Amino acid sequence: MIRILLAEDMHMIRAALTALLRLEPDIEVVAEATRGDEIVPAALRTRPDVAILDIDLPGVDGITASVELRERLPDCRVLVLTAMGRPGQVRRALGYGIEAFLVKDAPGDRLADAVRRTAQGLRVLDPELVSAAMEYGASPLTPREREVLGQAARGATAEEIAARLHLSAGTVRNYLTGAITKTGARNKINAIRVAEDAGWI
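Because the structure is a prediction, the values reported are computed rather than measured.

Cut-off values and rules
Residues numbered from 1 in each chain as written. Predicted model: local features only at pLDDT ≥ 70, side-chain atom pairs only at ≥ 80, totals over all residues. Heavy atoms only, no water. Pairing = 2+ DSSP bridges. Helix = DSSP H or I, 4+ residues; strand = E, 2+ residues; numbered from the N terminus. Axes fitted to C-alpha atoms, helices over the stretch in contact; angles between N-to-C directions. Contact = heavy atoms within 4.5 Å.

Caption draft 1: Geometry of the sheet that holds strand S2 (residues 27-33). Strand order in the open sheet formed by 5 strands is S2-S1-S3-S4-S5, and the pairing between neighbours is parallel. This sheet does not close on itself; its edge strands, each paired only once, are S2 and strand S5 (101-103). With strand direction ignored, the average angle separating the axes of adjacent strands in the sheet is 25°. Strand direction decides the pairing type here: strand S1 (residues 2-7) and strand S3 (residues 50-54), joined by 4 bridges, are parallel. Its bridge partner lying in S3, Leu5 is registered against Ala51. The strands that helix H3 (residues 62-72) touches are S3 and strand S4 (77-82); relative to S3, the one it contacts most, it runs at about 160°. The strands touched by helix H5 (residues 109-119) are S1, S2, S3, S4 and S5; relative to S4, the strand with the most contacts, the crossing angle is about 150°.

Caption draft 2: Up close: the side chain of Glu145. Position of Glu145 among the secondary structure elements: in helix H7 (residues 143-153). Those residues in contact with Glu145 that lie beyond four places of it in its chain are Pro140, Tyr175, Gly178, Ala179 and Lys182.

Take a look at the structure:
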C-alpha cells in the first residue's frame, strides 16, 4: 500500500484528487494539508511514502516545504503539482532536486501512475514542461533581491522589511530598484507579478 500525503489549498481540487486516489486498491491517502507549513508536521505524524504537493500554498510554498520534508523524512518521495504556465517554478524545483512533476490539467488516469512511479523512485517529468522551464532562464535576482521582493509581495513596507532583515530602509529600496530593473518591470507591483509568474519568488 502506497501511503499519500496530499497538500492542496483549493478544497474542491483536493477533494477530487483524494477521491481519484481512493479508487486505487494500492493507494491510501493518510494525510491532507491546506498550507505549506502543515506538510512536515503531518508527514512526521503519518509517515507517507509520497507527498503530493501543490507549489502555490499559503504559509510556505510547496517547493520550500519539500526541501524541509526531504531533510526530516528522506524516505518520503515528492510529487509536485504544477501548471504549464509557471515554468520558472519548475526550474526552481529542479534546482532543489525534485524529480517528479504532474501538470494540473493532466488526465485523471495519469495521477495514480505518477504516484506509483514516484514511489518507486522513478522520474515523472513532462518533456514539454521541462523544456519550457529550461528555456525560461534562471532568475536574474540575487538572493537578497529575491528575499526583499518576496517580503514586498506579502505586503511589507520598506521600513518593515528593513527591520526584519536588519537593513536600512534606503538599502531595501535599492534592492527593490535592482529587482525592478532586472525583471524589466515598470514598478514594484509589476516586478512582483513578473517574479511570481517566473517562479523566482
